[in-house]
Amino acid sequence: MIGRIRDKNDIAAAIARDITAEHPDGAYVNLGIGQPTLVADHLPDDSGVVLHTENGMLNMGPAAHGDEVDPDLVNAGKVPVTELPGAAYFHHADSFAMMRGGHLDVCVLGAFQVSTAGDLANWHTGAPDAIPAVGGAMDLAIGAKRVWVMMTLFDKQGAPKLVPECTYPLTGLGCVERVYTDLGTFAVGPGGLQVLEVHGIDPDELARRLGLLDAVGERRT
Amino acid sequence: MIGRIRDKNDIAAAIARDITAEHPDGAYVNLGIGQPTLVADHLPDDSGVVLHTENGMLNMGPAAHGDEVDPDLVNAGKVPVTELPGAAYFHHADSFAMMRGGHLDVCVLGAFQVSTAGDLANWHTGAPDAIPAVGGAMDLAIGAKRVWVMMTLFDKQGAPKLVPECTYPLTGLGCVERVYTDLGTFAVGPGGLQVLEVHGIDPDELARRLGLLDAVGERRT
Amino acid sequence: MTARICDGYDEAVAGTADGSTVLVGGFGMAGMPVDLIDALIRQGAADLTIVSNNAGNGDTGLAALLATGRVRKVICSFPRQADSWVFDDLYRSGRIELEVVPQGNLAERMRAAGAGIGAFYSPTAVGTPLAEGKEVREIDGRTYLLEYPIHGDLALIKAHTADRMGNLVYRRTARNFGPVMATAARTVAVQVDRVVETGALDPENVITPGIYVDRVVAAEQERAA
Amino acid sequence: MTARICDGYDEAVAGTADGSTVLVGGFGMAGMPVDLIDALIRQGAADLTIVSNNAGNGDTGLAALLATGRVRKVICSFPRQADSWVFDDLYRSGRIELEVVPQGNLAERMRAAGAGIGAFYSPTAVGTPLAEGKEVREIDGRTYLLEYPIHGDLALIKAHTADRMGNLVYRRTARNFGPVMATAARTVAVQVDRVVETGALDPENVITPGIYVDRVVAAEQERAA
């Protein structure tokens, strides 16, 4: 079964499903700014997943609304959030030590490009007039035990974002383990590309559109 | 005036006097294990001196007695102590970061030998059967803004402990600024030896006994 | 020297020299020491290097300081934001220097400054454009870059409560860079919501011990009270 | 994986392999995880490397573990104490290896392990016999030695209170190496006086977040209650 093309909520749900299934005893997870934050909405209450935000908190709750808004309690995207029971606050050096030291189980990031070897490009378009701004992207990319990317498979011009080699400036080398997209889920890394799932497209057609005809691996769907 | 030879309480009192006089706005001070702890007894209550113990505390109080004894509250010598208002606890890495980062104003240490260049030997006699044990001595030696030594000027065999060059294994290089002894107080360091005070002995006789005849500097007493 | 409780923000930033490196706390507006920044603008020091996570939002605080033209260089992780127009304009017209540092390296480099570490090997940014010019070393099968400390002449920090010895506690994620910057600067000025008597803070819960703090200012209504 | 509340000390040290490096908290008896050490003795793992500030006092705790002959090497800052006769005898008869590390470098090397730092330059021990074999480097006019991380397979820690997620608070100077060792070992076992419900600890005052904690055991009377 090929299934239908996934929207961003479907992708987030698939990531939430895999985090839960592959970490039955709970997991410490960082969700990058933007679409990855949608993953939180799909985690069951009893998943045991604890969210980390790199600006100094574990057990972050959902976005704050109305009276809950506290300017001293924001996530990495500077959006007001809430605190769950069992939360802990710490300073920036401790927070990034936690990340860099490999204590997070999963980190989900957006990307401009991911290479089949797992290289990540998600901080800079390379445009000459762009002001470079990296934030915590490079620390996140190399920190978590497993780095997963959530993105559309093609950009607005139709160019693949899963590529043999990144042309955008890199965020990290060989750091991505898995890529969740609207058209399929892929394993990347030293073993090369593996198609895990496809959605709304024939696998061979997908490989052709990606320009990665030799990319045939195990398929779940 | 030559004055009388000082006992360990006199030496501690002189150190306390100088800490207070030279740091009128208060000071953060670490007193090494053993005789340097006597300095605390001679600090006026309003001196503004805050004591650090490297096992993770600022604003340590005097030794604990009777009901005050708490096995969870000890100093670097593992002696039960007390807590003063304004105290703070922190872990070992933070405590030694505080020390190594140069945040302590004064550290007072005992010594086997100090060289006129300010080298310190206070952790190991060099005896072949001695079990080496350094504790925090090397971190303290290089950490504080000013490292002062408190010791007798001659050892039990009558050999000077203030020497042109240390023969005992070193704790730190060029780290000592001042040496307080029973017979005198000395400045040491890159500028060489300077006699600041003598006690119970003629300065020239002192220089002769030390074997440092060219060591003639400014004298306060 | 123990901490001094100041009468106002101006006293807390007095004596800042031209050419100083100033560490400015905050992550966005959380923990941003706006009143101390305003005082630094009034104080007038120029040719500054600012180290902060961002490079100003809107027209106030850090953005207002940049707008004075007295900042030569910004060291930060994320200058570009929806409302960073002051910085953007200075940068695009070549009137300000920028050193972009990954957020974790930024925090760790200041931590190293405060902890007396000469340099350290970080795995962050290996193989990226931000590795350019940095010494590379393989240790135990992994590649690292050599990173050096960032020392400040002055740190401006916002905390929640101080006691009279300068012990500090923060509030929620407004803690962020404050405790790290407090260790890394020669002079540390802190604005707090309130100052309590020494002994009122639980020693187990002090986040920044007073040894790191030089000058404390309570919020204006608190001082007036 | 989130922390597990264990039924007893034996469960907390189960599966420790021969050849493991075990980080043992405590400074003298303050913060010494005596019950976990006793469990490790019962568990029977051999050929161990022990990393701790001291090398045992009297005949109990760490000293009792050394007396079993199952410790190949001790990495510590201060083995020699008035009551360290078990270690002294093993060392003098050549039955145990010793690596003496200055206390601050010991703490910082474990901190580096927990923080993903590949190595760091420390000014401690420059020019001393403990500098032998270490890489020397001059940075900004000061001399440093290159120090590498110390990773543990297991850490044994004593804290005061845990919640059910493994968040920890300590008590006074019993905190010492606990928070650092908790970051540096693959498996972290903690003995506490009591376990409270999640939400009972103030998030501002958690010293070791549960992310670092794998196994928690409450004192026996607490479990029986």
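Please read these numbers as outputs of a predicted model, since none were measured by experiment.

A closer look at helix 2 (residues 92–100) of chain B
Piece 1. The element helix 2 of chain B is largely enclosed, with a buried count of eight among its nine residues.
Piece 2. Among the residues of helix 2 of chain B, those classed as buried are His92(B), Ala93(B), Ser95(B), Phe96(B), Ala97(B), Met98(B), Met99(B) and Arg100(B).

Description of the interface of chain B and chain C
Piece 1. Taken together, the contact between chain B and chain C spans 24 residues of the former and 20 residues of the latter.
Piece 2. Interface area for chain B against chain C, summed over the two sides, is near 1700 Å², with a carbon-plus-sulfur share of 58%.
Piece 3. Per-residue buried area on chain B facing chain C is highest for Tyr28(B), Tyr89(B) and His103(B); these three make up 32% of the total on that side.
Piece 4. Between chain B and chain C we count zero salt bridges in total.
Piece 5. The interface formed by chain B and chain C holds seven residue pairs in polar contact (both at pLDDT 80 or more) in total.
Piece 6. For the side of chain B that touches chain C, the secondary structure elements donating two or more residues are strand 1 (27–31), strand 3 (57–63), strand 4 (81–89) and helix 2 of chain B.
Piece 7. At six residues, strand 4 of chain B tops the list of elements feeding residues into the side of chain B that touches chain C.

Section: the pairing of strand 11 (residues 185–196) of chain C
Residues and elements named next belong to chain C.
Piece 1. The pairing of strand 9 (residues 152–163) with strand 11 spans 10 bridges and is classified as parallel. Residue pairing across strands places Thr-161 opposite Arg-194, the latter belonging to strand 11.
Piece 2. Summarising the sheet, strand 11 and strand 12 (residues 215–218) pair through four bridges and their orientation is parallel. When the bridges of strand 12 are listed, Val-192 appears paired with Ala-218.

Re the interface of chain A and chain C
Piece 1. Between chain A and chain C, the residue contacts involve 36 residues of the former and 43 residues of the latter.
Piece 2. For the pair chain A and chain C, the two sides together bury roughly 3300 Å², of which 61% comes from carbon and sulfur.
Piece 3. Along the contact surface separating chain A from chain C lie five salt bridges.
Piece 4. Between Arg172(C) and Asp70(A) there is a salt bridge whose closest N-O contact spans 3.1 Å.
Piece 5. Run the count over chain A and chain C and you get 22 residue pairs in polar contact (both at pLDDT 80 or more).

Topic: the packing of helix 2 of chain B against helix 5 (residues 103–115) of chain C
Piece 1. Here helix 2 of chain B crosses helix 5 of chain C at 65°, and the two axes come no closer than 6 Å. If you check the angle between helix 2 of chain B and helix 5 of chain C, you find them roughly perpendicular. Taking contact as the criterion, the partners of Ala93(B), Ala97(B) and Arg100(B) in helix 2 of chain B are, on helix 5 of chain C, Arg111(C), Gly114(C) and Ala115(C).
Piece 2. The residue inventory of the contact of helix 2 of chain B with helix 5 of chain C, partitioned by class, reads three nonpolar, one polar and two charged.

A short note on the pattern of salt bridges
Piece 1. Scanning the entire structure with this criterion turns up 58 salt bridges over all chains.
Piece 2. In this structure, Glu197(A) and Arg6(A) form a salt bridge, with 3.4 Å as the shortest nitrogen-oxygen distance. Taken together, the residues Glu197(A) in strand 12 (residues 194–198) and Arg6(A) in the segment before helix 1 (8–22) connect sequence positions 191 residues apart.
Piece 3. Residues Glu108(D) and Arg111(C) are paired through a salt bridge, measuring 2.5 Å at the closest nitrogen-oxygen approach. On the criterion of chain membership, the pair formed by Glu108(D) in helix 5 (residues 103–115) and Arg111(C) in helix 5 is interchain, its members lying in two chains.

So, the packing of aromatic side chains
Piece 1. If you walk through the whole model with that rule in mind, you get seven aromatic pairs over all chains.
Piece 2. An angle of 45° between the planes, with centres 5.4 Å apart, marks the rings of Trp148(B) and Tyr180(B) as tilted. Taken together, the residues Trp148(B) in strand 8 (residues 146–150) and Tyr180(B) in strand 10 (residues 176–180) connect sequence positions 32 residues apart. Taken individually, Trp148(B) and Tyr180(B) each receive the classification buried, so the pair is uniform in this respect.
Piece 3. Taken together, a centroid distance of 6.0 Å and an interplanar angle of 50° make the contact between Tyr121(C) and Tyr121(D) tilted. One end of the pair, Tyr121(C), is in strand 6 (residues 120–122); the other, Tyr121(D), is in strand 6 (residues 120–122), on a second chain.

A word on the confidence of the model for chain C
Piece 1. The predicted model of chain C averages 96 in pLDDT, with 100% of residues at 70 or higher.
Piece 2. Model confidence for the complex is summarised by a pTM of 0.97, with the ipTM given as 0.96.

Parameters at a glance
Residues numbered from 1 in each chain as written. Chains lettered and ligands numbered in written order. Predicted model: local features only at pLDDT ≥ 70, side-chain atom pairs only at ≥ 80, totals over all residues. Heavy atoms only, no water. Buried < 20%, exposed > 50% of the residue type's maximum accessible area, 1.4 Å probe, protein only. Helix = DSSP H or I, 4+ residues; strand = E, 2+ residues; numbered from the N terminus. Contact = heavy atoms within 4.5 Å. Buried area = accessible area lost by both parts, 1.4 Å probe. Salt bridge = Lys/Arg side-chain N within 4 Å of Asp/Glu carboxyl O. Polar contact = N/O pair within 3.5 Å; in protein donor to acceptor, adjacent residues only side chain to side chain. Pairing = 2+ DSSP bridges. Axes fitted to C-alpha atoms, helices over the stretch in contact; angles between N-to-C directions. Parallel < 35°, antiparallel > 145°, perpendicular 65-115°, else oblique. Nonpolar A, V, L, I, M, F, W, Y, C, P; charged D, E, K, R; others polar. Phe/Tyr/Trp six-rings, centres within 6.5 Å; stacked < 30°, edge-to-face > 60°. pLDDT = per-residue confidence, 0-100.

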